[in-house]
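Read off the chains here:
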Amino acid sequence: MIKTPILEVENLSKHFEVQTGIFKRETKIVKAATDLNFHISEGETLALVGESGCGKTTTTRLLLKLQTPTAGRVLYDGQDINTLNGQGLKTYRSKVQAVFQDPWSSINPRVRIGDFIAEPLIVNEKVDSNEVDRRVNAALDAVGLRRQDARKFPHEFSGGQRQRIAIASAIITRPRLVILDEPVSGLDVSIRSQIINLFKDLQAEYALSYILVAHDLATTRYLADRVAVMYLGQMVEQGNTDDVFDAPAHPYTEALLSAALSADPTEKRTEIPMTGEVPSPLNPPSGCAFHPRCHKCIGDICKTQSPVPFLQDPNRTVSCHLYDQ
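The residue numbers shown here count from 1 along each chain, following its written sequence. Residues qualify for local features only when their pLDDT is at least 70, as the model is predicted, and side-chain atom pairs are given and counted only at 80 or more; totals for whole chains, interfaces and linings, by contrast, use all residues. Excluding hydrogens and water, the side-chain values take into account all heavy atoms of the structure.

- The chain has the name Oligopeptide transport ATP-binding protein OppF in an unreviewed UniProt entry, where Pacificibacter marinus is given as its organism.
- UniProt positions are given in the numbering used here, feature names are shortened, and annotations may be inferred rather than shown by experiment. Under the Sequence similarities (unreviewed entry) heading, UniProt states for the chain: "Belongs to the ABC transporter superfamily."
- Note on the chain: under the UniProt heading Subcellular location (unreviewed entry), the record states "Cell inner membrane".

Here's what the structure looks like:
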């Protein structure tokens, strides 16, 4: 059964003007995200992976309507979110929530956690105080905290508990989609598995959809149904998680996965070289952005022409000249 997407991204781009130079000022364009296309359905997890600076955070900020796109659309239930205002915008902000990386800075230290958890509900929905208290208690129960914890302040909790508080605040409005921006990278290793399993449990209970931003490929494989690999503001490969991890199609995906630590220390793996650093978005390479670091570069076409997405099958796309030859 094919599920109808709740969120669709069509040719989404975000470019910034920046001033460079000391004596001679010059305006340049940073292409933080270019021509992104993907969707997310109910109860599904889509992971955005790639090196730092590849555009993952910019993409999530566009989805949260914290920035306005340069081009393209984000459709929620078929409606462009950048046309929303008034109650329509409040409904969207209620139904699309986020959990951020750092539980130490994402919670106001001067506010009791009950008030922090309740804030998205009070701002976006018309509810009385009894309903607020009921929903706060339900959210605390859902994330494994005690109801009496609502009277405490953030400094009284550990990092893992603070992330549970952030999750409670994200689910109190009963959202359909939660954006997880590196949600466990700031936690102790011993706590990470607990939070990851909590995400799984909440997804099963509330039919939540997740967009996961992650560097940790082990977390990605465990949580995600589909993976979108980003490089220098572009999506180079998309597909079902097992397909992408077991048989990566794009050379960048191959190199990225080969550099990750294996859960099996006896596994024999071929290390794929990826020389140099990610190019500056102020001065990206011509043609395929990955060609200066690519171990499968096939010559002038890679250096001069940008590849277009190739549909390998209904569930897999890859942007690489290897597939249009």
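Additional details are given in the paragraphs that follow.
**Side note on empty space enclosed by the protein**
No. 1: In this analysis, the protein atoms alone were mapped onto a 1 Å grid. Cavities are point sets where a 1.4 Å probe fits without being able to get out; pockets are open sets with protein on both sides within 12 Å along at least five of seven lines; lining residues have an atom within 4 Å of a point. Grid points are joined across faces, edges and corners, and a volume is the space filled by probe spheres set on the points. Here the structure, examined in full by the defined rule, presents three cavities of 30 Å³ or more.
No. 2: Around the largest cavity, the lining residues are His250, Pro251, Cys288, Phe290, Cys294, Lys296, Cys302, Pro307, Cys320, His321 and Leu322.
No. 3: Looking at side-chain class alone, the lining of the largest cavity contains eight nonpolar, two polar and one charged residues.
No. 4: There is about 60 Å³ of room inside the second largest cavity.
No. 5: Lining the second largest cavity, in full, are Glu182, Pro183, Val184, Ser185, Val213, Ala214, His215, Asp216 and Thr219. Gly is put with the polar residues, along with every residue not named as nonpolar or charged; the nonpolar set is Ala, Val, Leu, Ile, Met, Phe, Trp, Tyr, Cys and Pro, and the charged set is Asp, Glu, Lys and Arg.

**Here we look at the packing of aromatic side chains**
No. 1: Each Phe, Tyr or Trp ring (for Trp, its six-membered ring) is paired with any other whose centre lies within 6.5 Å, and the angle between the two planes then decides the class: stacked below 30 degrees, edge-to-face above 60, tilted in between. Summed over all chains, the structure comprises six aromatic pairs.
No. 2: Note on Tyr76 and Tyr92: the rings are 5.3 Å apart at their centroids and 75 degrees apart in plane angle, and the pair reads as edge-to-face. Of this pair, Tyr76 sits in strand 4 (residues 71–76) while Tyr92 sits in helix 2 (residues 86–95), and the two are 16 residues apart along the sequence.
No. 3: Take Tyr92: its relative accessible area is 2%, and that puts it in the buried class.
No. 4: When the ring of Phe310 is compared with that of Tyr323, the centres are 6.2 Å apart and the planes differ by 15 degrees; the resulting orientation is stacked. Here Phe310 is found in strand 11 (residues 310–313), whereas its partner Tyr323 is found in the segment after strand 12 (316–318), with 13 residues between them in sequence.
No. 5: Exposure remark for Tyr323: the relative accessible area of 25% places this residue in the partly exposed category.
No. 6: Put simply, the rings of Tyr231, Tyr252 and Phe290 pair up and form one aromatic cluster. The secondary structure listing takes helices from DSSP runs of H or I that are at least 4 residues long and strands from runs of E that are at least 2 residues long, numbered from the N terminus. Here the term buried applies to any residue with accessible area under 20% of the maximum for its type, exposed to any over 50%, and partly exposed to those in between, with areas from a 1.4 Å probe on protein chains only.

**Some points on the pattern of salt bridges**
No. 1: Salt bridge, as used here, is a side-chain nitrogen of Lys or Arg placed within 4 Å of a carboxyl oxygen of Asp or Glu. Throughout the structure, instances matching the rule amount to 14 salt bridges.
No. 2: One salt bridge connects Glu44 with Arg226, and the closest N-O pair in it is separated by 2.7 Å. Here Glu44 is found in the loop between strand 2 (26–41) and strand 3 (45–49), whereas its partner Arg226 is found in strand 9 (residues 226–231), with 182 residues between them in sequence.
No. 3: A residue is classified by how much of its surface remains accessible, and Glu44, at 14% relative accessible area, is buried.

**Here's the deal with the pairing of strand 9**
No. 1: Of all six residues making up strand 9, six are buried, and the element is well covered by its neighbours.
No. 2: Burial along strand 9 is two-sided: Arg226, Ala228 and Met230 and Val227, Val229 and Tyr231, pointing in opposite directions, are all buried.
No. 3: DSSP bridges decide pairing: two strands pair if at least two such bridges lie between them. Here strand 3 runs beside strand 9; their pairing, made up of four bridges, is parallel. Bridged to Leu48 within strand 9 is Ala228.
No. 4: Bridge count for strand 9 against strand 10 (residues 234–240) is six bridges, and the pairing is antiparallel.

**Observations concerning the sheet that holds strand 9**
No. 1: Strand order in the open sheet formed by eight strands is 6-7-8-3-9-10-12-11, and the pairing between neighbours is mixed. Each edge of the sheet is formed by a strand with only one pairing partner; in this case those strands are strand 6 (96–99) and strand 11. In this sheet, neighbouring strand axes are inclined to one another by 20 degrees on average, regardless of whether the strands run parallel or antiparallel.
No. 2: Pairing geometry for strand 3 and strand 8 (residues 209–214), over five bridges, is parallel. Bridging from a neighbouring strand, Thr45 pairs with Tyr210 of strand 8.
No. 3: Where helix 6 (residues 189–206) meets the sheet, its contacts fall on strand 3, strand 7 (177–181) and strand 8, and the angle it forms with strand 8 comes to roughly 160 degrees. For every element, the axis is a line fit to its C-alpha atoms; helices are fit only across the contacting stretch, and the angle between N-to-C directions ranges from 0 to 180 degrees. Contact criterion: two residues are considered in contact whenever any of their non-hydrogen atoms come within 4.5 Å of each other.

**Concerning the packing of helix 3 (residues 113–124) against helix 5 (residues 159–171)**
The packing of two helices is summarised by the inter-axis angle and the distance between the axes.
No. 1: Remark: helix 3 packs on helix 5, axes separated minimally by 7 Å, with the N-to-C direction vectors making an angle of 35 degrees. Along this stretch, helix 3 crosses helix 5, giving a crossing that reads as right-handed. Across the interface between the two elements, Ile113, Phe116, Ile117 and Pro120 from helix 3 touch Ile165, Ala166, Ala168 and Ser169 from helix 5.
No. 2: Grouping the amino acids of the contact of helix 3 with helix 5 by side-chain chemistry returns seven nonpolar, one polar and no charged. The crossing is said to be left-handed when, going from far helix to near helix, the turn is anticlockwise and less than a right angle, and right-handed when the turn is clockwise.

**Structural notes on the nonpolar core**
Generally speaking, soluble globular proteins have nonpolar side chains that are buried together.
No. 1: Core analysis: the largest hydrophobic core is formed by 54 residues, its most contacted members being Ile117, Val136, Ile165, Ile167 and Leu202.
No. 2: The contacts of Ile167, once residues within four sequence positions are left out, are Val99, Val143, Ile195, Leu198, Phe199 and Leu202.
No. 3: Among the buried residues, those of types Ala, Val, Leu, Ile, Met, Phe, Trp, Tyr and Cys that are joined through side-chain atoms within 4.5 Å form a nonpolar core. Within the second largest apolar cluster, 29 residues are counted, among which are Ala33, Tyr76, Val96 and Ile179.

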